[in-house]
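Architecture at a glance
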Amino acid sequence: MTLRPAARRLVPAVALASWLAACAGDVRPLPPGVLVVSQEQTSSWVRNFNPLTPAAAARWPTLAGVYEPLFVFNSVRSAQVPWLATAFQWRDGGRVLRITTRVGVRWSDGARFSARDVAFTFDLLRRFRALDRRGVWGFLEDVRLVDGHTVDFHFQRVFIPGFDELAAQLIVPEHVWKSVADPVTFANPRPVATGPFTEVTTFRDQVYELGRNPHYWQPGRPALRALRFPAYPSNDRANLALVFDEVEWAGNFIPAIDRVFVKRNPAHHAYWFPLTAGVVYLYLNTQRAPFDDVRVRKALSMAIDRPLIVDVAAFRYTHPADATGMSESYAAWRDSAAATGGDWVKFDVPRANALLDSAGFPRGHDGLRRLTGGRSWRYELLCVSGWSDWVRASQIIARNLRAVGIQAAVRTYDFGAWFQKVQEGDFDMSLGWSIEGPLPYHLYRWLMSSTTVKPLGQAAPGNWHRYSSPAADRALARFERAADPAEQLRLSGELQRIFVAEAPAIPLYPNPSWAEFNTARVTGFPTAADPYADPSPNKMERGEILLVLTTLRPR
């Protein structure tokens, strides 16, 4: 599954500073007990709270706040937290997963939640495959209700990582959804759910508000009365609202944040950017020469000045990536020997040139290298327009590549156009993100598995660079059958060594998980001193926002 970073990017610090001066004094009082959030940017809201929609059109926090999964994945602690389910057990040699559901949970209309709702939800995904965003029916054979609190998931084969996809599935109530004629297009304007905020108390073009669930299963929670969402047409406008205290929780990249945001109110303006949002990569299309040559990929990597990218493009919020391509979410899995052995992520232009020379790619009279047929190495480097950190990183890379005989022109596209190009493999070079998942299996399957390679022109949810590794396929197949954590760790190390040896993609830097907050009226946000969860409102794919929403409290 492709994970799309939500709210981001922005505005240069100088421009933001000018807005501060222009808009000072236009601050409206906030209602007590209501947290104002900016996570989506749009000029007007569309009322949609369908948690299963494949169109990603549901309003925040439908995926982690209105509806809930069986388990919540805490990416900071790398742990599955029991939520609507309390336990699981592998049976029959790993072919059956038994899930025990939580007792005492009610839907927001007062009806009792049970294992029947779980079985119904997965059957709904089977009958309407467009809703099966996690592809669970690619490995499931059947889902059987055992009793009111127990469900058995029967697998087509032993597939241990499948647990993570089942655990993250949002559950809908059978007594409501059984009457929905077309759940794919259903907008679900009045959600009935188990989450902490389920009541749509206001919904207008420019603002909507969610009140707390009167039947929430965690006693005394949530402590907040409601969540409010003003509509901002751009990240720039949302950031301005954050700086001027109109918004209290956001997940944007803000350049020079200490000066622009924190300095304005040091007692209450705060942020925490843990490096748990995947890794930013330079993807080379390995279906096109010369990027099918590992020597070329490693040489280009050595030509890139990552410390400069971190300083200039990322405002030192992160650090250069190592050659495993892992973010800090996988710190417990990192093989230090593999990371140390990947010297092709070190900036070394002479060595990069020597490697390209030895690979048989001479320079022409213009200084550019030549393919076998004589064509010079001129390429476009794609990134998303307006994503200022990515644009600056691309500009640095383009300048770096010139030193090794490559003419790279930075080409920006609106997000939709860029995303279509990378998914269909219509590019030579592009910046891009990597997926996050509870296991390194998910990362390396996305980057190296032959099962994720799609033909050029066909949209691929992952593996945009179209790389397949027979060695990785073998290790991934063993990983799918490995239930022992020690064996998983060993296989993770093997996958890291394969990645380091084959360099299928070029890691640049771990991507920060953007989170800014104002504690003047609301406290309990995760911080580096209290890292109980990822702090970003963007972390909804596996329910992590629920850990925050059920912890926040009015001051």
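Each chain has its residues counted from 1, following the order in which its sequence is written. Side-chain atom pairs in this predicted model are given and counted only at pLDDT of 80 or more, local residue features only at pLDDT of at least 70, and totals for whole chains, interfaces and linings cover all residues. Processing note: side-chain calculations cover all non-hydrogen atoms of the structure and skip hydrogens and water entirely.

A count of helices and strands for the protein chain gives 17 helices and 20 strands. Based on C-alpha atoms, the radius of gyration is set beside the globule rule, defined as 2.2 Å times the residue count to the power 0.38. Its C-alpha radius of gyration of 24 Å places the protein chain within 12% of the 24 Å reference for a compact globule of 555 residues. Residue contacts are counted whenever heavy atoms from the two residues lie within 4.5 Å of one another. Contacts spanning at least 24 positions in sequence make up 71% of the contacts within the protein chain whose residues lie at least 6 apart. By the counting scheme adopted, Arg and Lys are positive, Glu and Asp are negative, and His together with the chain ends is not counted. For the purpose of locating charges, the reference atoms are NZ of Lys, CZ of Arg, CG of Asp and CD of Glu. Of the side chains in the protein chain, 64 bear a positive and 53 a negative charge, and the two mean positions are spaced by 1 Å. Runs of E in the DSSP output that reach at least two residues are strands. Runs of H or I that reach at least four are helices, and both are numbered from the N terminus.

Right, let's talk about the side chain of Thr 452 for a bit. You can see Thr 452 is positioned in the loop between helix H14 (440–448) and helix H15 (470–480). We define a polar contact as two N or O atoms separated by no more than 3.5 Å, with the added condition that, inside protein, one atom must be a possible hydrogen donor and the other a possible acceptor, whereas residues neighbouring each other in sequence contribute only through side-chain atom pairs. Among the polar contacts listed, one links the side chain of Thr 452 to the side chain of Asn 463, at a separation of 3.0 Å. Those residues within four positions of Thr 452 in sequence are excluded, and the remaining contacts are Arg 445, Trp 446, Gly 462 and Asn 463.

Put simply, Trp 60 and Pro 61 share a cis peptide bond, and its omega is 0°. Structurally, the position occupied by Pro 61 is in the loop between strand E1 (34–38) and helix H2 (62–66). With an omega of 5°, the peptide bond between Ala 289 and Pro 290 qualifies as cis. Tracing the chain through its elements places Pro 290 in the loop between strand E13 (279–284) and helix H8 (294–302). Phi at Phe 315 is positive, roughly 55°, even though this residue is not glycine. For Phe 315, the position within the fold is in the loop between helix H9 (306–313) and helix H10 (336–341).

We now examine helix H11 (residues 349–358). The buried label goes to any residue with under 20% of its type's maximum accessible area, the exposed label to any with over 50%, and the partly exposed label to all in between, with areas taken from a 1.4 Å probe on protein chains only. When we look at burial in H11, the residues that qualify are Ala 352, Asn 353 and Leu 356. For H11, the angular spread of the buried residues around the axis is 95°, confining them to a single face. In H11, those exposed residues whose orientation departs by more than 90 degrees from the buried face are Pro 350 and Ser 358. Looking at the buried positions of H11, the neighbouring elements they touch are H8. Among the residues of H11, the N-terminal cap falls to Asp 348, whose side-chain oxygen and the backbone nitrogen of Arg 351 are separated by 3.2 Å. A positive phi of about 90° marks Gly 360, the residue just after H11. Arc, as used here, means the arc of the directions from the helix axis to the C-beta atoms.

Attention now goes to the nonpolar core. In this structure, Phe 122, Phe 153 and Trp 418 are the most contacted members of the largest nonpolar core, which totals 150 residues. Aside from chain neighbours lying at most four places away, what touches Phe 122 is Leu 70, Val 136, Trp 137, Leu 140, Val 143, Phe 153, Leu 166, Gln 169 and Ile 171. Nine residue types can take part in a nonpolar core, namely buried Ala, Val, Leu, Ile, Met, Phe, Trp, Tyr and Cys, and a core is a set of them joined through side-chain atoms within 4.5 Å. Membership of the second largest hydrophobic core comes to 20 residues, among which are Phe 253, Ala 256, Phe 261 and Tyr 317.

With respect to the helices, strands and loops of the structure, Ala 520 is situated in the loop between strand E18 (516–518) and strand E19 (522–523). For Ala 520 and Leu 547, which are 27 residues apart along the polypeptide, the C-alpha to C-alpha distance reads 21 Å. Residue contacts for Ala 520: discarding those within four places in its chain leaves His 268 and Arg 555.

Bridge count for strand E8 (residues 197–203) against strand E9 (residues 207–212) is five bridges, and the pairing is antiparallel. Paired with Glu 199 across the bridge in E9 is Gly 211. In this description, strands pair whenever DSSP reports at least two bridges between them. Hairpin remark: E8 followed by E9, antiparallel, with three residues in the connecting loop.

Further remarks concern helix H16 (residues 485–502). Given 3.6 residues per helical turn, the α-helix brings residues three or four places apart onto the same face. Given a helix with a known number of residues, its expected span is that number minus one, times 1.5 Å. Its 18 residues place the ends of H16 26 Å apart at the C-alpha level, agreeing with the 26 Å of an ideal helix rising 1.5 Å per residue. All of the buried residues in H16 are Gln 488, Leu 491, Ser 492, Gly 493, Glu 494, Leu 495, Gln 496, Ile 498, Phe 499, Val 500 and Glu 502. Those residues of H16 that are buried are in contact with E13, H8, H10, H14, H15 and strand E17 (506–510). Where H16 ends, the next residue or the one after it, Ala 503, has phi of about 45°, a positive value.

For Phe, Tyr and Trp, rings pair up if their centres lie within 6.5 Å, where Trp contributes its six-membered ring, and each pair is then called stacked (planes under 30 degrees apart), edge-to-face (over 60) or tilted (otherwise). Summed over the entire model, instances satisfying the criterion amount to 53 aromatic pairs. With 5.1 Å between their ring centres and 75° between their planes, Phe 273 and Tyr 317 make a pair best called edge-to-face. Here the residue Phe 273 occupies a position in the loop between strand E12 (269–271) and E13, and Tyr 317 occupies one in the loop between H9 and H10, the gap between them amounting to 44 residues. Assigned by exposure class, Phe 273 and Tyr 317 land together as buried. A centroid spacing of 6.0 Å and a plane angle of 90° characterise the contact between Phe 419 and Trp 464, whose relative ring orientation is edge-to-face. On the criterion of sequence distance, the pair formed by Phe 419 in helix H13 (residues 415–423) and Trp 464 in the loop between H14 and H15 is long-range, its members being 45 residues apart. Each member of the pair, Phe 419 as well as Trp 464, is classed as buried. Cation placement over rings: the criterion is NZ of Lys or CZ of Arg within 6 Å of the ring centroid and within 35° of the ring normal. The side chain of Arg 157 reaches across the aromatic face of Phe 159, ending 4.7 Å from its centre.

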